[in-house]
Amino acid sequence: MMWKPIVGFVGVLIFFFLLMRTRKHWGKAIEWLSIFWFRIAFSFVLLFTLHYLLGFAGLFVPINFFSSLLVALLGIPGVASVLAISIYYNFF
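Keep in mind that what you see is a predicted model, and the values were worked out from it rather than measured.

Visitor: I would appreciate a short explanation of the nonpolar core in the present structure.
Guide: One recurring pattern in soluble globular proteins is that nonpolar side chains are buried together. Within the largest apolar cluster, seven residues are counted, these being Leu47, Leu50, Val61, Leu70, Val71, Val79 and Val82. Counting only elements with at least two residues in this core, the list comes to helix H2 (24-55), helix H3 (65-74) and helix H4 (76-91). With residues near it in sequence (within four places) discarded, valine 61 still touches Leu47, Leu50, His51, Leu54, Val82, Leu83 and Ser86.

This is the structure in structure tokens:
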């Protein structure tokens, strides 16, 4: 069971080395990663706020890595899709 995280970590390292083959790409890659991690953190905060506020109405909004990744990648359509899935799950 311990080999799966190690293989994943090595795969991520190989991906970053392939992405940053030359020195001029390092700045762009680091900028992209910082923007991406900020979007994921902001999506966790947004999902937590929605979970807290809509909890009073009896609606459960999931807060997990998949839903925050969906919101981080898609933006407003991601929020709408997470809300649509949670409404469908809670009421139907």
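Visitor: Please explain the packing of H3 against H4 as it appears in this structure.
Guide: The relative placement of two packed helices is expressed as an angle between their axes plus a distance between the axes. Closest axis-to-axis distance for the H3/H4 pair is 6 Å, and the angle between their directions is 145°. Between H3 and H4, the residues in contact are Ser67, Leu70, Val71 and Leu74 and Ile76, Pro77, Gly78, Val79, Ser81 and Val82, respectively. In the contact of H3 with H4, the residues fall into seven nonpolar, three polar and no charged.

Visitor: Would you explain the environment of leucine 19 in this entry?
Guide: By the secondary structure assignment, leucine 19 is in helix H1 (residues 3-19). The partly exposed category is assigned to leucine 19, whose relative accessible area is 37%. Spatially, the C-alpha atoms of leucine 19 and alanine 29 are 7.6 Å apart, while their sequence positions differ by ten residues.

Visitor: Could you clarify how one ought to interpret the packing of aromatic side chains in this entry?
Guide: Two descriptors summarise a pair of aromatic rings, namely the distance from one centre to the other and the angle between the planes of the rings. Counted according to the given criterion, the structure contains five aromatic pairs. Between tryptophan 32 and phenylalanine 36, the ring centres sit 5.5 Å apart and the planes meet at 5°, which makes this aromatic pair stacked. With tryptophan 32 and phenylalanine 36 both in helix H2, this residue pair falls four residues apart, about one helical turn. Between tyrosine 52 and phenylalanine 56 the ring centres are 5.4 Å apart and the planes differ by 75°, which places this aromatic pair in the edge-to-face class. The class of tyrosine 52 is exposed, set by a relative accessible area of 51%. A relative accessible area of 66% places phenylalanine 56 in the exposed class.

Visitor: I'm lost on the side chain of serine 68 in this one. Help?
Guide: Among the structural elements, serine 68 can be located in helix H3. Given a relative accessible area of 0%, serine 68 falls into the buried group. Dropping the residues within four chain positions of it, serine 68 is found in contact with Ile40, Ser43, Phe44 and Leu47.

Cut-offs and rules
Residues numbered from 1 in each chain as written. Predicted model: local features only at pLDDT ≥ 70, side-chain atom pairs only at ≥ 80, totals over all residues. Heavy atoms only, no water. Core = buried A, V, L, I, M, F, W, Y, C linked by side-chain atoms within 4.5 Å. Buried < 20%, exposed > 50% of the residue type's maximum accessible area, 1.4 Å probe, protein only. Helix = DSSP H or I, 4+ residues; strand = E, 2+ residues; numbered from the N terminus. Contact = heavy atoms within 4.5 Å. Axes fitted to C-alpha atoms, helices over the stretch in contact; angles between N-to-C directions. Nonpolar A, V, L, I, M, F, W, Y, C, P; charged D, E, K, R; others polar. Phe/Tyr/Trp six-rings, centres within 6.5 Å; stacked < 30°, edge-to-face > 60°.

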